[in-house]
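Structure at a glance
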Amino acid sequence: MAAVVFALLWGVTGCAPPRPDRPVVGAKNFTEQVVLGELLAQEIEAKSNLKVERRFYLAGSYISNQALVSGRIDAYVEYTGTALTAILKQPVDRDPERVLDTVRRLYEAKDHVTVGPPLGFENTFAMVIRGDDARRLGLKTLSEAARFTPRWKLGVGYEFEQRPDGLPGLSAAYGLKFDGAPRTMDLGLLYRALTAHQVDMIAANSTDGPIAALGLAVLADDRHYFPPYQAVPLVRDEALQRWPQMRVAMDTLAGRVSAEDMRAMNEAVDGQHRDPADVVREFRARKGL
């Protein structure tokens, strides 16, 4: 495992080729991130005569952040709660404005990275079960589900199992116990495992398209465990100085993407198997961007 991590980091930070004379936008390795990376890239191109290089599918938060601070990419979209706890290693905070202020201050001081204005939606973790189970058992909240979870198998992504805002704290907050250790898998496989009855609950994302498409149920976080996860662009200060059009693009996108917009774009890619670039072009046209 150590060798794999070293190899990934070497590819991100080691022996970097000469910097291209164009901005490089990155994205993590799931659909929403690719859509948001494409959205940021298209908006930069629309506000300039620049051709943006895309470097998508950069594994998780850690690798994406390393790529950013090392200069292998110039920008990517992150979520404020993830930045606060998983990257900046700060205590969980549930006040959205305070989290945003803290993230902005620490990124600038530590890495000379600008945190742009929020895009307009949050993508929080969502604990999801099959819709028929929710109706049969009359479940709407995590508190109500806690008495059933000892008979349930849990499916999670690799980061969620270890993150400070992930499974350990959630289990403690609600007294959750499950049937065996969680099954860890790529985020894209979670819904397949749930609908195939391989697991009974998954830790997903609130803006995932398959939730509505598959008739699944999100259990409310009635104890307000999860911090805010506003989607925000992160851009290296050096890149903003070199290409001021990147700031114009960030400001143009501020508040323009709702949770419903994001779910619809995710479903268009995941459920309808459409090309993310086409989906983003149509979204931008609808919004007059």
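To continue, consider helix α13 (residues 259-270). Between its first and last C-alpha, α13 extends 16 Å over twelve residues, near the 16 Å set by a 1.5 Å rise per residue. When α13 is considered as a whole, its buried residues turn out to be Asp261, Met262, Met265, Asn266, Ala268 and Val269. Across the axial projection of α13, the buried residues extend over an arc of 160 degrees, all falling on one side.

Another aspect to go through is the packing of aromatic side chains. Tallied over the entire structure, the rule returns six aromatic pairs. Plain terms: the ring middles of Phe125 and Tyr229 are 5.5 Å apart, the flat faces sit at 80 degrees to each other, and that makes the pair edge-to-face. Residue Phe125 is located in strand β5 (residues 125-129), and its partner Tyr229 is located in the loop between β9 (217-219) and β10 (231-236); the two are separated by 104 residues in the primary sequence. Its relative accessible area of 14% is what places Phe125 among the buried residues. The class of Tyr229 is buried, set by a relative accessible area of 1%. Taken together, Phe125, Phe160, Tyr225, Phe226 and Tyr229 form an aromatic cluster joined through their ring pairs.

To continue, consider the side chain of Arg236. Inspection of the secondary structure puts Arg236 in strand β10. Take Arg236: its relative accessible area is 12%, and that puts it in the buried class.

The five strands lie next to each other as β7-β6-β8-β5-β9, forming an open sheet whose pairing is mixed. Lying at the two open borders of the sheet, with one neighbouring strand each, are β7 (183-184) and β9.

Next up on the list: the pattern of salt bridges. Following the criterion strictly, the structure yields 23 salt bridges and no others. We note a salt bridge from Arg54 to Glu45, for which the minimum N-O separation is 2.7 Å. We note a salt bridge from Lys287 to Asp261, for which the minimum N-O separation is 3.0 Å. Of this pair, Lys287 sits in helix α14 (residues 276-287) while Asp261 sits in helix α13, and the two are 26 residues apart along the sequence. The structure contains a network of salt bridges with shared partners spanning Glu38, Glu45, Lys51 and Arg54.

So, on to the pairing of β10. When you tally the buried positions in β10, you get six out of six residues, the bulk of the element. Burial along β10 is two-sided: the face carrying Ala231, Pro233 and Val235 and the face carrying Val232, Leu234 and Arg236 are both buried. In this sheet, β10 lies alongside strand β3 (residues 75-79) in antiparallel orientation, the contact comprising five bridges. Within β10, the residue paired with Val77 across the bridge is Pro233.

Okay, the packing of helix α2 (residues 31-46) against α13 next. The geometry of a pair of packed helices is captured by two quantities: the angle between their axes and the separation between those axes. Running from N to C, α2 and α13 cross one another at 110 degrees; their axes reach a closest spacing of 9 Å. Our classification of the angle between α2 and α13 gives roughly perpendicular. Within the contact between the two elements, α2 uses Thr31, Glu32, Val35 and Leu36 and α13 uses Met262, Met265, Asn266, Val269 and Asp270. Its residues assigned to classes, the contact of α2 with α13 shows five nonpolar, two polar and two charged.

Conventions used here
Per chain, residue numbering runs from 1 following the sequence as it is written. Residues qualify for local features only when their pLDDT is at least 70, as the model is predicted, and side-chain atom pairs are given and counted only at 80 or more; totals for whole chains, interfaces and linings, by contrast, use all residues. To get the side-chain values, all heavy atoms of the structure are used, and hydrogens and water are removed first. Helix numbering and strand numbering both begin at the N terminus, where a helix is a DSSP run of H or I of at least 4 residues and a strand a DSSP run of E of at least 2. Each residue after the first adds 1.5 Å to the expected span of a helix. Using a 1.4 Å probe on the protein chains alone, a residue whose accessible area is under 20% of its type maximum counts as buried, one over 50% counts as exposed, and one in between counts as partly exposed. In this description, the arc belongs to the directions extending from the helix axis to the C-beta atoms. Stacked, tilted and edge-to-face are the three classes assigned to paired rings of Phe, Tyr and Trp, where Trp is represented by its six-membered ring and a pair needs centres within 6.5 Å; plane angles under 30 degrees give stacked, over 60 edge-to-face, the rest tilted. Here, any two strands with at least 2 DSSP bridges between them count as paired. Salt bridges are identified by distance alone: a Lys or Arg side-chain nitrogen within 4 Å of an Asp or Glu carboxyl oxygen. Here, axes are lines fitted to C-alpha atoms. For helices the fit covers the stretch in contact, and angles between N-to-C directions go from 0 to 180 degrees. In what follows, roughly perpendicular refers to angles from 65 to 115 degrees, roughly parallel to angles under 35, roughly antiparallel to angles over 145, and oblique to any angle outside these ranges. The contact criterion used is simple: two residues touch if any of their non-hydrogen atoms lie within 4.5 Å. Throughout this entry, Asp, Glu, Lys and Arg are counted as charged residues, while Ala, Val, Leu, Ile, Met, Phe, Trp, Tyr, Cys and Pro are counted as nonpolar. The remaining residues, Gly among them, count as polar.

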